[in-house]
Amino acid sequence: MDLRNEDYSRLRRAKNVFYSGVKNPYNVMLAISVLMMFYLIIIPLGQMIMQTFTLAAADVRRVEGATVGSWTLYYWKRVLFSAISKKMLWQPLANSLLIGMSTGIVGVTIGSLFAWLMVKSDIPHKKFFSIALIVPYMLPSWCKAMAWLTIFKNTRTGGSPGLLAYLGINAPDWFVYGPVPIILVLTIHYYAYSYLLVSASLRSVSSELEEMGQIIGANKKTILTRITFPLVLPAILSAFIMTFSKVMGTFGVPSILGLNISYYTVSTTLYNSIQNGQNRVAYVISLILIIIASGTIFLNQKLIGTRKSYSTIGGKGSRSNLIALGKWQKPIVVVLLLFVLVAVVIPVVVLLYQSFMLETGNYSLSNLTTHYWVGDSVPTIDQGEPGIFKNSQFFTYVKNTIKLVVFTSFFATIFGQFIGYVNSRGRAKLSGKLVEQLVFIPYLIPSIAFGAMYLSLFATSQTLTLFGHAFTVIPSLYGTFVILVLIAVVKNLPFASRAGTSNMLQISVELEEAGQVVNAGFFRRFMKILFPLSKGGMFSGFILVFVNIIKELDLIVLLMTPNQQTLPYMAYSYTSENLIQLSSAVTIVMFAMVFFVYWFANTFTDADLSKGF
C-alpha cells in the first residue's frame, strides 16, 4: 500500500470514528450533561470563590493601598480571625453544628424505626400510615415553627400569647425560642428523609437472608443487628448526611424561632450579611458551609466504604416475610397515631384555626372570622391587607408558584432521566463516573449557600471578546424567572438523576438492542421502549421535585424580587411583618395544593415518593 492510500484510510477511519461517536446517543447526552453541569455548577462555584479573593468597591477604604478588584485576603481574615469573628462565624457555626447533629441523630433514629415497622413488621393500617408519615415532608418546615409559636408562645416573650398561655400555662422561655424548639421542629420535618431512604433500602433486602439466620439458630435481636442493620447501614448513614446537610443550610425555622432572642445560625448570619450588602463576607461563609458539607460526605464514604452516593444497597429482594409484633402491636399503633397527631394533625389544625382568628392570642369562638380569607381591606386590621382571596397579589404569587414548580419539575425530571441514562449505561466507564460525581455537587451545597452562589454569578452580565466581537457568556439573570427555574432544577438534579438512574437500571440494554435491530433511532427507542417502561418512576421523580420546590424558601430567598415572589415567600414575608393569620391562610393553601397533587399522582399514575429515592 502506498503512503497516499494509507493516509486516506487513516482519514476515513478517523471520520468513521467521529461520525460513529457523534451518532451515539450516549456520547451526545454525555457531552450535553457535562457542558450543562460545568456551566451551571462549576462556573458559579468558581466565580464565588474568586470574588472572596478580590476587593469590592465598598471595601477599598478598609484595605490600605488597595484598589477595586485587587487580590486580597481581607474577607477571609474578617470572617475567620477578626474581632467580630466569634459573632459573625464561630458562635453561629457552633449553633448550626449543634442543631444539625442533634436533628440528624434523632431524626434518623425515628425515621429508621418507622421504616422498619412499615416494611418488615405486620403492623396494621399500613396504607394509612405510609401516607400519614410522609405528610410532614409536604409541609414547609418553617410552617411548623409558626404552629409551634402559636401553641407555646408565652407571655414573657412579648406579643400575642400562644394557646397554652391563653389557657393559663406559660411554657418556659427555652422551650419557646432557641435550640430546643428548633431541633424538635426540624426533627419532625426531616425524619421523613430517613423514613423514605431506609424504607427503600429495606424493601430490597430479601427475607431469605433473615431466614438463613433463623435456620442457624439466631434470635430476632441477632438477625436485626447482624444481618438487617449492616445491610441498611449505608442508607442510614446517607440519611444522616442528607439531614445534616439540609439542616445546616436551612433558614426559615432558625429565623422564626431564633432571631427574636438573637440566636443566630450560619444560615441566618449569611442572610443578614447579604441584606446588609456584605455579599463577599456571605460568600466566605457559604464556602465554609460547603467545606463542612463536603467533609461530612467524605467521612460518610470512609465509614461505609462505598461509592459517593446517597443511594441504598443495590439489588431486589425476591420476597419478604413480615415479622409478627405480637403483644407490642397495639402499643406501637398508639405511638404511631400520637406521632401523626403531633407531627401532622396539630400543625395543620392550628394553622387553619389561626387563619380564622380576628385577633391573635384570642382563641375564643367569638373571635373567629373569615376576614383573612375573603375580607375586604380594612385600614385598622393588619395594615389594611385584604383577605388572600381578595388580594390580587395572592393570585399573582399562585401563578408564579405554579409556573416555577411545573417548569422545574418538568425540566429536572427530563434532565434527570437523561443523566440517569448516562449513569446507568456508563457505570463501568470513566465518563459515566464523571457525570455521577458532577451531578452530586449541588447536594453538597446547602440551599442558602447555593442561592448566594447564583447571586454572585448572575448579578451582572459578563462578556467575552473574540475577534473584535463581544459575546455574552454569562447573562444578567437576577430578577428574572429564569434564574429561579435554573437554580431549582440544578439543586434538584441529584434527586431527579437518582430516580432516573433507578429507572434505567431496571431496563435491560437488550431491549434497546432489539430496537436497533429493526433500525429504530434513539428518539423512537426512547418513546417506544424507555419511556413506557420508566414512566412510573418518572412520575415519582416528578412528584418528588414538585413537593420539594412548591415549599422551597431557603434556596430562593436571596434571589427574590417583588415581581417573582412565590407563595412560600409571601407566607414568610407575612410572618416577618407579624401578619400571622394571613401567613397561616397562605400556608394552608400551599399545603392543599401539595396534598392534592400527591393524591392525584398517587391515585391515577401510581407515583410514590419513596420510588423517587
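Residues numbered from 1 in each chain as written. Predicted model: local features only at pLDDT ≥ 70, side-chain atom pairs only at ≥ 80, totals over all residues. Heavy atoms only, no water.

Per an unreviewed UniProt entry, the recorded name for the protein is Iron ABC transporter permease, and the organism is Sphaerochaeta associata. If you open the UniProt record of the protein and go to Sequence similarities (unreviewed entry), you find "Belongs to the binding-protein-dependent transport system permease family." (UniProt positions renumbered as here; feature names shortened; annotations may be inferred.)

(A) Representation of the overall build of the protein within the structure. Counting its regular elements, the protein contains 25 helices and two strands. In terms of overall dimensions, the protein is globule-like: its C-alpha atoms have a radius of gyration of 27 Å, near the 25 Å expected for 613 residues. Referenced to the eigenvectors of the C-alpha coordinate spread, the extents of the protein come out at roughly 100 × 80 × 50 Å. Among the 613 residues that make up the protein, the fraction classed as buried is 54%. A fraction of 73% describes how many contacts in the protein between residues 6 or more apart in sequence connect residues 24 or more apart. A gap of 4 Å separates the mean positions of the 46 positive and 23 negative side-chain charges of the protein. (Helix = DSSP H or I, 4+ residues; strand = E, 2+ residues; numbered from the N terminus. Rg over C-alpha atoms; globule rule 2.2 N^0.38 Å. Buried < 20%, exposed > 50% of the residue type's maximum accessible area, 1.4 Å probe, protein only. Contact = heavy atoms within 4.5 Å. Lys, Arg positive; Asp, Glu negative; His and termini not counted. Charge placed at Lys NZ, Arg CZ, Asp CG, Glu CD.)

(B) A look at the packing of aromatic side chains. Inspection of every chain in the model, using the stated rule, returns 28 aromatic pairs. Note on Tyr 190 and Tyr 193: the rings are 5.5 Å apart at their centroids and 25 degrees apart in plane angle, and the pair reads as stacked. In this pair, Tyr 190 and Tyr 193 are both assigned in helix α10 (residues 179-203), three residues apart and thus about one turn of the helix distant. As far as burial versus exposure is concerned, Tyr 190 and Tyr 193 are alike and both buried. Three or more aromatic residues joined by ring pairs form one cluster here, namely Phe 356, Trp 373, Phe 389, Phe 394 and Phe 395. Directly above the ring of Phe 481 sits Lys 403, whose terminal nitrogen or CZ lies 4.4 Å from the centroid. Between the NZ or CZ atom of Lys 491 and the centre of the ring of Phe 450, over which it lies, the distance is 5.5 Å. (Phe/Tyr/Trp six-rings, centres within 6.5 Å; stacked < 30°, edge-to-face > 60°. Lys NZ or Arg CZ within 6 Å of the ring centre and 35° of its normal.)

(C) Spatial organisation of the pattern of salt bridges. On inspection of all chains with the given rule, the structure shows two salt bridges. Residues Arg 62 and Asp 59 are paired through a salt bridge, measuring 3.3 Å at the closest nitrogen-oxygen approach. The exposure class assigned to Arg 62 is partly exposed, which follows from its relative accessible area of 41%. Between Asp 376 and Lys 390 there is a salt bridge whose closest N-O contact spans 3.0 Å. With Asp 376 in the loop between α17 (371-374) and α18 (392-425) and Lys 390 in the loop between α17 and α18, this residue pair connects regions lying 14 residues apart in the sequence. The class of Lys 390 is partly exposed, set by a relative accessible area of 45%. (Salt bridge = Lys/Arg side-chain N within 4 Å of Asp/Glu carboxyl O.)

(D) Quick look at a nonpolar patch on the surface. A surface patch of nonpolar side chains, about 540 Å² in accessible area, is lined by Val 334, Leu 338, Leu 341, Val 342, Val 345, Ile 346 and Val 349. Looking at the secondary structure, you find Val 342 in helix α16 (residues 329-354). (Patch = residues over 30% accessible without salt bridge, like charges linked within 9 Å, V, L, I, M, F, W, Y side chains within 5 Å. Areas by Shrake-Rupley, 256 points an atom, 1.4 Å probe, with all protein chains shown as cover.)

(E) Quick look at α18. Given a rise of 1.5 Å per residue, 34 residues ought to cover 50 Å, and the 49 Å separating the end C-alpha atoms of α18 matches this to within 8%. Where α18 begins, the side chain of Asn 391 points an oxygen toward the backbone nitrogen of Gln 393, at a separation of 2.9 Å. (Expected span 1.5 Å × (residues − 1). Polar contact = N/O pair within 3.5 Å; in protein donor to acceptor, adjacent residues only side chain to side chain.)

(F) Spatial organisation of the environment of Ser 70. Looking at where Ser 70 falls in the secondary structure, it is placed in the loop between α2 (25-51) and α3 (74-80). When its relative accessible area of 18% is taken as the criterion, Ser 70 is described as buried. Filtering out sequence-adjacent residues up to four positions away, Ser 70 remains in contact with Phe 53, Thr 54 and Leu 55. One polar contact links the side chain of Ser 70 to the main-chain carbonyl oxygen of Thr 67, over a distance of 2.7 Å.

(G) Structural view of the nonpolar core. In terms of nonpolar packing, the biggest core is built from 178 residues, with Trp 142, Tyr 195, Leu 257, Leu 270, Tyr 454 and Leu 567 touching the most fellow members. It is α10 that contributes the most residues to this core, 14 residues altogether. Excluding residues that lie within four positions of it along the chain, Trp 142 makes contacts with Gly 252, Val 253, Ile 256, Lys 551, Leu 553, Pro 568, Ala 571, Tyr 572, Thr 587 and Met 590. (Core = buried A, V, L, I, M, F, W, Y, C linked by side-chain atoms within 4.5 Å.)

(H) Summary view of the pairing of strand β1 (residues 462-466). Pairing of β1 with strand β2 (residues 469-474), which is carried by five bridges, proceeds in the antiparallel orientation. Paired with Gln 462 across the two strands is Ile 474, which belongs to β2. The hairpin formed by β1 and β2 contains two residues between the paired strands, and Phe 467 there has a positive phi angle of roughly 55 degrees. (Pairing = 2+ DSSP bridges.)

(I) View of the packing of α10 against helix α12 (residues 220-249). Running from N to C, α10 and α12 cross one another at 150 degrees; their axes reach a closest spacing of 9 Å. The angle between the axes of α10 and α12 places the two elements in the roughly antiparallel class. Two packed elements cross with a definite hand, and for α10 against α12 that hand is right-handed. Of α12, the residues touching α10 (which contributes Leu 186, Tyr 190, Tyr 193, Ser 194, Leu 197, Val 198, Ser 201 and Leu 202) are Thr 228, Leu 231, Val 232, Ala 235, Ile 236, Ser 238, Ala 239, Met 242, Thr 243, Lys 246 and Val 247. Its residues assigned to classes, the contact of α10 with α12 comprises 13 nonpolar, five polar and one charged. (Axes fitted to C-alpha atoms, helices over the stretch in contact; angles between N-to-C directions. Parallel < 35°, antiparallel > 145°, perpendicular 65-115°, else oblique. Left-handed = near helix turned anticlockwise from the far one by under 90°. Nonpolar A, V, L, I, M, F, W, Y, C, P; charged D, E, K, R; others polar.)

(J) The confidence of the model for the protein, seen in detail. In this model, the protein carries an average pLDDT of 82, and 92% of its residues clear a pLDDT of 70 or more. Low confidence marks residues 306-318, where pLDDT is under 50. Its contacts with residues over four positions away, or in another chain, come to 39 contacts. (pLDDT = per-residue confidence, 0-100.)

(K) Molecular detail of the side chain of Gln 47. By the secondary structure assignment, Gln 47 is in helix α2. Judged by its relative accessible area of 18%, Gln 47 falls in the buried class. Each residue touching Gln 47, except ones within four places of it in the same chain, is listed here: Ser 456, Leu 457 and Gln 462.

(L) How the structure looks around the environment of Leu 555. In this structure, Leu 555 sits in the loop between α23 (522-550) and α24 (567-576). With relative accessibility at 0%, the residue Leu 555 sits in the buried group. Separated by 71 residues in sequence, Leu 555 and Leu 484 have C-alpha atoms that sit 9.0 Å apart.

(M) Representation of unusual backbone geometry within the structure. Within the chain, Ser 262 stands out as a residue other than glycine whose phi angle is a positive 60 degrees. At Asp 382, a position not held by glycine, the phi torsion is positive, near 45 degrees.

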